[in-house]
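Close look at the chain arrangement
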Amino acid sequence: MSLLARLARHLPLRWRSEASILEHRAIPDSLWAKTLAQYPFLAWRSLEKRERLRALSTLFLARKQFVPAGGVHITDDMAVAIAAQACLPVLRLGLGAYAHMGHIVVHPDQVVAHREVMDDAGVVHRYDEVLAGEAMPDGPVMLSWHDVQQARDLEHGYNVVVHEFAHALDMLDGHLDGTPPLPAEISKAHWQDVMWQGFDRHSEALARGEDTWLDPYAAEAGLVEFFPVVTEAFFVAPWALRADFSDVYTLLSRYFEEDPAALLASGDASEWHPDQGVFVGSLKA
Ligand SMILES: [Zn+2]
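Residues numbered from 1 in each chain as written. Predicted model: local features only at pLDDT ≥ 70, side-chain atom pairs only at ≥ 80, totals over all residues.

Re unusual backbone geometry
Note on backbone geometry: most residues besides glycine have negative phi, and most peptide bonds are trans. In the Ramachandran plot, E257 falls in the positive-phi region, its phi being about 55° despite a non-glycine side chain. Residue position: E257 is located in the loop between α11 (246–256) and β7 (272–273). (Helix = DSSP H or I, 4+ residues; strand = E, 2+ residues; numbered from the N terminus.)

Structure (structure tokens):
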């Protein structure tokens, strides 16, 4: 019986304690190891944090419903891959941060959404938007499985799951503005100052026609898209973000209480061996 089916059989799981779920419904060792091997950035943290990520992922699978769309069949491998990436941004906050989020809708590929907006003159503009993912306030999260798998290419720091769940964190205070509720030691003014400086630098590089490694989409809508895109980079290409946007990296490191680049001696992700839990290259102090 699949992991999802075993979880579903024991609904309503909200009545079960977390300890019971973790004890009886844990993600199997082999599946977890396979997930870390396929998405190596999941493992770029201490053993303690990796165990926390696994526990959060188990609870995420128990609490969130996965809904297939467009003929996709959601396997255990897919569900665990999505859950683990979704839990990366809440290693500090815990799953309570996602309580307002609905189910996870998985499409095989990108989706064309038909949009209608009315301008100030009352003219309605209709257009199509191609989506790799979408997070709705108090609603479902849509993901293209094709795009979820693109995260395995670490070159560009692309990660649609982390992106959409970063939007979920941003929406926690009811405002989609690229500024999530902050811990006491980070002021809103400091957050916005650092983020806007990063945004401006990225926008200027794009305006000069530079071929930036950071997704140009980061410059699309102010901090609303800059925050999710640099959060993707923080978890998937941390060495690159630290090298090119050190202030943004430091700020996100304080916000997430994570320092994934610190484990990277040379920035060469191929050196990482998740089975060993260490890099072949020298570890930074
Ligand atoms: Zn977005």
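Once you've had a look at it, read on.
Considering the sheet that holds strand β5 (residues 133–135)
Strand pairing in a sheet relies on backbone hydrogen bonds. The paired strands run either parallel or antiparallel. Taken in spatial order, the four strands of this open sheet run β1-β2-β6-β5, and their pairing is mixed. The open sheet has two edge strands with one neighbour each: β1 (66–68) and β5. The mean angle between the axes of side-by-side strands here comes to 20°, regardless of whether they run parallel or antiparallel. Examined bridge by bridge, strand β2 (residues 104–107) and strand β6 (residues 141–144) share four bridges and lie parallel to one another. Residue pairing in the sheet places V106 in a bridge with L143 of β6. (Pairing = 2+ DSSP bridges. Axes fitted to C-alpha atoms, helices over the stretch in contact; angles between N-to-C directions.)

Looking at the nonpolar core
The biggest cluster of nonpolar side chains holds 69 residues, and the ones touching the most others in it are L143 and V230. Broken down by element, the residue count for this core peaks at nine residues, all from helix α9 (residues 223–236). If sequence neighbours within four positions are ignored, L143 has contacts with I82, I104, V106, G133, V148, V160, V161 and E164. (Core = buried A, V, L, I, M, F, W, Y, C linked by C-beta atoms within 7 Å. Buried ≥ 20, exposed ≤ 12 C-beta atoms within 10 Å, placed from the backbone. Contact = placed C-beta atoms within 7 Å.)

Side note on the packing of helix α5 (residues 76–87) against helix α7 (residues 160–170)
Packing of α5 against α7 leaves a shortest axis separation of 8 Å and a crossing angle of 50°. Between α5 and α7, the angle falls in the class oblique. Along this stretch, α5 crosses α7, giving a crossing that reads as right-handed. On the side of α5, the interface is formed by I82, Q85 and A86, while α7 contributes V161, V162 and F165. For the contact of α5 with α7, the residue count by class is five nonpolar, one polar and no charged. (Parallel < 35°, antiparallel > 145°, perpendicular 65-115°, else oblique. Left-handed = near helix turned anticlockwise from the far one by under 90°. Nonpolar A, V, L, I, M, F, W, Y, C, P; charged D, E, K, R; others polar.)

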